[in-house]
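# Secondary and tertiary structure notes
Spelled out from the first residue to the last, the chains are:
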Amino acid sequence: VCRSPSIVLVSLCASIVLAFASLADGQTLQVGSVSGSPGDTVQFNVTLQTGGASIIALKARITFDRQHTPVAAQANQTPSCVVNSQINKAASFIFWPIGCEGRNCTQVRGIIHAFGGSTAPIPNGSVLFSCTVAISPSAPPGQYPLVVSGLDSSDAQSNPIALSGQDGVIGV
């Protein structure tokens, strides 16, 4: 329909595109930026700007440089990420792709949900969770991106809420 040369249809299609583009205005998941030296352990935060939306749950993937700035693993081989207890939500974190180990992992998938936690909306500007990065002792100086993708969020009635992402950086 939006490929038709009709001026009316072109205007309608442009309006639809602009309406969808504005759906995530203000609702942003921000991955923090931090700096460290080779061999350091640093922590980045992931923060939610709600833009006034009543978000109670969300999921996201964060891609990292697996050679130079990998997210650290806990003893049970899960990501060293922790939910902010002040938001009163449950969380789960896994390395991605599923079944990866050590330097084969390229992403962390985080899910923040109300199961076992509060169904109240997450307050605007809240740190949702933090992840620990183990900077490789051989990491050359540079900027290593933390790229957020796979965003989904919802309200208490499970209605989807559009969410944009803002990438972070690990500076070495």
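Before reading on, note that the structure itself is shown above.
This write-up is about the structure you can find in this document. Fair warning: this is a prediction, and the values are worked out from it, not measured in the lab.

Turning our eyes to something else, we now look at unusual backbone geometry. A cis geometry characterises the amide bond from Trp 96 onward to Pro 97, with omega recorded as 0 degrees. Structurally, Pro 97 can be placed in the loop between strand 6 (90–96) and strand 7 (107–113). Positive phi values are uncommon outside glycine, yet Gln 77 reaches one of about 70 degrees. As for its placement among the helices and strands, Gln 77 is situated in the loop between strand 4 (57–63) and strand 5 (81–83). Looking at Gln 77, the relative accessible area reads 53%, which means it is exposed. Even without a glycine there, the phi angle at Asn 88 is positive, about 55 degrees. Relative to the assigned elements, Asn 88 resides in the loop between strand 5 and strand 6.

Burial runs high along strand 7: six of the seven residues are buried. Note that strand 4 and strand 7 share six bridges and pair antiparallel. Looking at the pairing, Ala 60 lines up with Gly 110 of strand 7. Sheet analysis places strand 6 next to strand 7, joined by seven bridges and oriented antiparallel. By the bridge assignment for strand 7, Ile 94 is matched with Arg 109.

Let's shift gears to the state of the cysteines. Evaluated as defined, the whole model comprises two disulfides. Residue pairing for Cys 81: its cysteine sulfur links by disulfide to Cys 131, the two sulfurs lying 2.0 Å apart. Handedness of the Cys 81-Cys 131 disulfide follows from its S-S torsion of about 110 degrees: it is right-handed. With Cys 81 in strand 5 and Cys 131 in strand 8 (residues 126–134), this pair connects stretches of sequence that are 50 residues apart. One exposure class covers both Cys 81 and Cys 131, and it is buried. The disulfide that involves Cys 100 links it to Cys 105, with 2.1 Å between the sulfurs. Looking down the S-S bond of the Cys 100 and Cys 105 bridge, the torsion is 105 degrees, so its handedness is right-handed. Take Cys 100 and Cys 105: they sit in the same class, and that class is buried.

As a further point, take the pattern of salt bridges. Applying the stated criterion across every chain yields a total of one salt bridge. A salt bridge links Asp 152 to Lys 59; the nearest nitrogen and oxygen atoms lie 3.5 Å apart. In this pair, Asp 152 sits in strand 9 (residues 143–154) while Lys 59 sits in strand 4, placing the two residues 93 residues apart along the sequence. Look at Lys 59 and you get partly exposed, because its relative accessible area is 30%.

In this structure, the largest pocket spans a volume of roughly 230 Å³. As for the largest pocket, its lining consists of 18 residues, and the residues nearest its centre are Val 71, Ala 73, Phe 95, Gly 102 and Cys 105. If you tally residues by element for the lining of the largest pocket, the top one is strand 6, at three residues. Residues that form the lining of the largest pocket fall into these classes: twelve nonpolar, three polar and three charged.

Cut-offs applied
- Residues numbered from 1 in each chain as written.
- Predicted model: local features only at pLDDT ≥ 70, side-chain atom pairs only at ≥ 80, totals over all residues.
- Heavy atoms only, no water.
- Helix = DSSP H or I, 4+ residues; strand = E, 2+ residues; numbered from the N terminus.
- Buried < 20%, exposed > 50% of the residue type's maximum accessible area, 1.4 Å probe, protein only.
- Pairing = 2+ DSSP bridges.
- Disulfide = S-S within 2.5 Å.
- Salt bridge = Lys/Arg side-chain N within 4 Å of Asp/Glu carboxyl O.
- 1 Å grid on protein atoms, 1.4 Å probe; cavity = no way out; pocket = protein on both sides within 12 Å on 5 of 7 lines; lining within 4 Å.
- Points joined across faces, edges and corners; volume = space filled by probe spheres on them.
- Nonpolar A, V, L, I, M, F, W, Y, C, P; charged D, E, K, R; others polar.

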